Amino acid sequence: FIDTLMVGRLGNEALAGIALGGTVSGFVLLVFSGVLLAVAPSVSQAYGGKRPLEAAQAARQGLWLALALPWPALALFSYSEGLLLWLGQEPQTAELAGRYLRALRWGLLPAFGWVALRGLLEGLAVTRPILILSLLGVLLNIVFNNALMFGRWGLPALGIVGTGYATSLVHTLVFLAGALYVLRALPDYRLFGPGLAPWPQAKTLLELLRVGVPIALTLGFEVSMFAATALLMGLLGAVPLAAHQIALQSASITFMVPLGLAIATSVRVGQAAGRGDRAGARRAGLSGVLASLVAMSLSALLFWLRPELVIGLYLEPGDPANRAVVQLASAFLALAAAFQLFDGLQVSSAGALRGLKDTRVPMLITLVSYWGVGLSSGALLCFGLGWGGRGLWCGLVLGLFTASLLLFGRFWRQTRARDSSWCR
């Protein structure tokens, strides 16, 4: 969000470039780091079952995974410009996105390491340091972006590339601060000391992969729907792509609220599952769903009633040069308002299922919902029926609607089961 917000001041071409680069980076980071999201439910169930050594072992093995996962992503970031050109993107937009991604690749390793450390903290319900470090990261990102994008304090003005270097630097600092906190505040877990197996352990790694790979694919199916939509939007030109980025980035900001609630829901459900408390797991899941629905109702009203306030964060609405982008972004925000509730319901339901370590069936649900329903219907409406960018956004609404109902139904059935299959 900070990158997009500040790059918008560089003009529509830069905004289109960050839209494309941000779409690629968001997809890659979520999918590859999604495997590491298995650390949190593993830690929470072990903590709920009063097995602290098992919780620490899951976190340490998560760090080993964090060392291995970034390398395919690094290769993709390095050669992204050619891939984007092959996919039919405009040469100038692809060139800007490629330069941004090449700068961003230097922060991949610490970013993945922080995901593993965060999994330990989330599983233990120690969330305050995560909040503090996240806020610190936002503030540092603003300062570093300002310095490297516009050439402040004697530094070169790197434009869109400066945002990539700034983000990489922030990832590094946040990881180091997180590691220092774990070392000093959680000495009983001995994450970086003796008492745990020092090298990769096949059993724990396989369990993390069993839970984490479906999580990564689930995130991949969802994010790829949005990424493919951005690529298809890019075929319509820079103006639709810039408008799409404004609406999608705004929806991504509001999505952070139910995403945070989903993480908390996953931890509470996981701890109840570790205690063998079926009723507690069900209450925790339903509470998280309700909280997400309330939060997303508020953001839906904002998008629907006052889109100009949202657009004004990125562009000057009164500038005649931005008129086409503003008009199209307003239409996209109206559709974004329609899927806010569905987005909150699907992410909170998925979080509750993750606390049960139930990840394989949700993976299949998201595949059918996002690709079988969302992307295919959006492409049909856009190119087959001539609805343009609005058709692609209607497809997003349909995909999220389908996923939300199926995932919530899955959690409802799992916590009503009469046998031991409710918790894996």
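Residues numbered from 1 in each chain as written. Predicted model: local features only at pLDDT ≥ 70, side-chain atom pairs only at ≥ 80, totals over all residues. Heavy atoms only, no water.

Chemist: What should I look at first to understand the layout of surface pockets in this one?
Modeler: Picture a little ball the size of a water molecule; that probe, rolled over the atoms, points out where space is still empty. Size it by volume and the second largest pocket reaches roughly 250 Å³. The wall of the second largest pocket is formed by Ser-42, Gln-45, Ala-46, Arg-51, Glu-54, Gln-57, Ala-58, Lys-203, Thr-204, Glu-207, Leu-208 and Lys-357. Elements with a minimum of two residues in the lining of the second largest pocket: α3 (39–48), α4 (52–68) and α11 (202–234). With 4 residues, α11 is the single largest residue contributor to the lining of the second largest pocket. The residue inventory of the lining of the second largest pocket, partitioned by class, reads 3 nonpolar, 4 polar and 5 charged. (1 Å grid on protein atoms, 1.4 Å probe; cavity = no way out; pocket = protein on both sides within 12 Å on 5 of 7 lines; lining within 4 Å. Points joined across faces, edges and corners; volume = space filled by probe spheres on them. Helix = DSSP H or I, 4+ residues; strand = E, 2+ residues; numbered from the N terminus. Nonpolar A, V, L, I, M, F, W, Y, C, P; charged D, E, K, R; others polar.)

Chemist: I tried to follow helix α15 (residues 323–355) on my own but got confused; where do I start?
Modeler: The α-helix winds at 3.6 residues per turn, so residues separated by three or four positions along the chain end up facing the same way. Over its 33 residues, α15 runs 46 Å from end to end, which matches the ideal 48 Å to within 8%, given 1.5 Å per residue. Maximal helix bending in α15 amounts to about 40°, located at Phe-339. Among the 33 residues that make up α15, 25 are buried, leaving the element largely enclosed by the rest of the structure. Lys-357, located one to two residues past α15, shows a positive phi value of around 60°. (Expected span 1.5 Å × (residues − 1). Bend = angle between axes of the 7 residues up to and from the residue. Buried < 20%, exposed > 50% of the residue type's maximum accessible area, 1.4 Å probe, protein only.)

Chemist: Honestly, unusual backbone geometry in this entry has me stumped. Any pointers?
Modeler: A positive phi angle, close to 65°, is found at Ala-125, a residue other than glycine. In this structure, Ala-125 sits in the loop between α8 (108–123) and α9 (128–150). For Ala-125, a relative accessible area of 47% puts it in the partly exposed group. One non-glycine residue with positive phi stands out, namely Lys-357, at about 60°.

Chemist: For this particular structure, what's the right way to read the pattern of salt bridges?
Modeler: Side-chain pairs of opposite charge can arise whenever the charged atoms involved come near each other. Evaluation of the coordinates by the stated rule reveals 7 salt bridges. The partner of Arg-118 in a salt bridge is Glu-122, with the nearest N and O atoms 3.2 Å apart. One end of the pair, Arg-118, and the other, Glu-122, are both in helix α8, 4 residues apart, so they sit about a helical turn from each other. The partly exposed category is assigned to Arg-118, whose relative accessible area is 22%. When salt bridges that share partners are traced, they join Glu-207, Arg-210 and Lys-357 into one network. (Salt bridge = Lys/Arg side-chain N within 4 Å of Asp/Glu carboxyl O.)

Chemist: Looking at this structure, I do not really get the state of the cysteines. What am I missing?
Modeler: As used in these notes, a disulfide is a covalent bond between sulfur atoms, one from each of two cysteines. Tallied over the entire structure, the rule returns 0 disulfides. This cysteine, Cys-394, is not joined by any disulfide, and Cys-382 carries the nearest cysteine sulfur, 10 Å off. (Disulfide = S-S within 2.5 Å.)

Chemist: Mind showing me how you'd approach α4 here?
Modeler: The end-to-end C-alpha distance of α4 is 25 Å, a good match for the 24 Å that 17 residues give at a rise of 1.5 Å each. Taken residue by residue, α4 has Ala-55, Ala-56, Gln-57, Ala-58, Ala-59, Arg-60, Gln-61, Gly-62, Leu-63, Leu-65 and Ala-66 as its buried positions.

Chemist: Which parts of the structure should I look at to understand the packing of α9 against helix α10 (residues 160–185)?
Modeler: Helix-helix packing is described using two parameters, namely the angle between the two axes and the distance between the axes. The contact between α9 and α10 brings their axes to 8 Å, and the two run at 150°. With respect to each other, α9 and α10 are oriented roughly antiparallel. Judged by the sense of rotation from one axis to the other, the crossing of α9 with α10 is right-handed. Facing Pro-129, Leu-133, Gly-137, Leu-140, Asn-141, Phe-144, Asn-145, Leu-148 and Met-149 of α9, the residues of α10 in contact are Gly-162, Thr-163, Tyr-165, Ala-166, Thr-167, Leu-169, Val-170, Leu-173, Val-174, Ala-177, Gly-178 and Tyr-181. Broken down by class, the residue content of the contact of α9 with α10 amounts to 14 nonpolar, 7 polar and no charged. (Axes fitted to C-alpha atoms, helices over the stretch in contact; angles between N-to-C directions. Parallel < 35°, antiparallel > 145°, perpendicular 65-115°, else oblique. Left-handed = near helix turned anticlockwise from the far one by under 90°. Contact = heavy atoms within 4.5 Å.)

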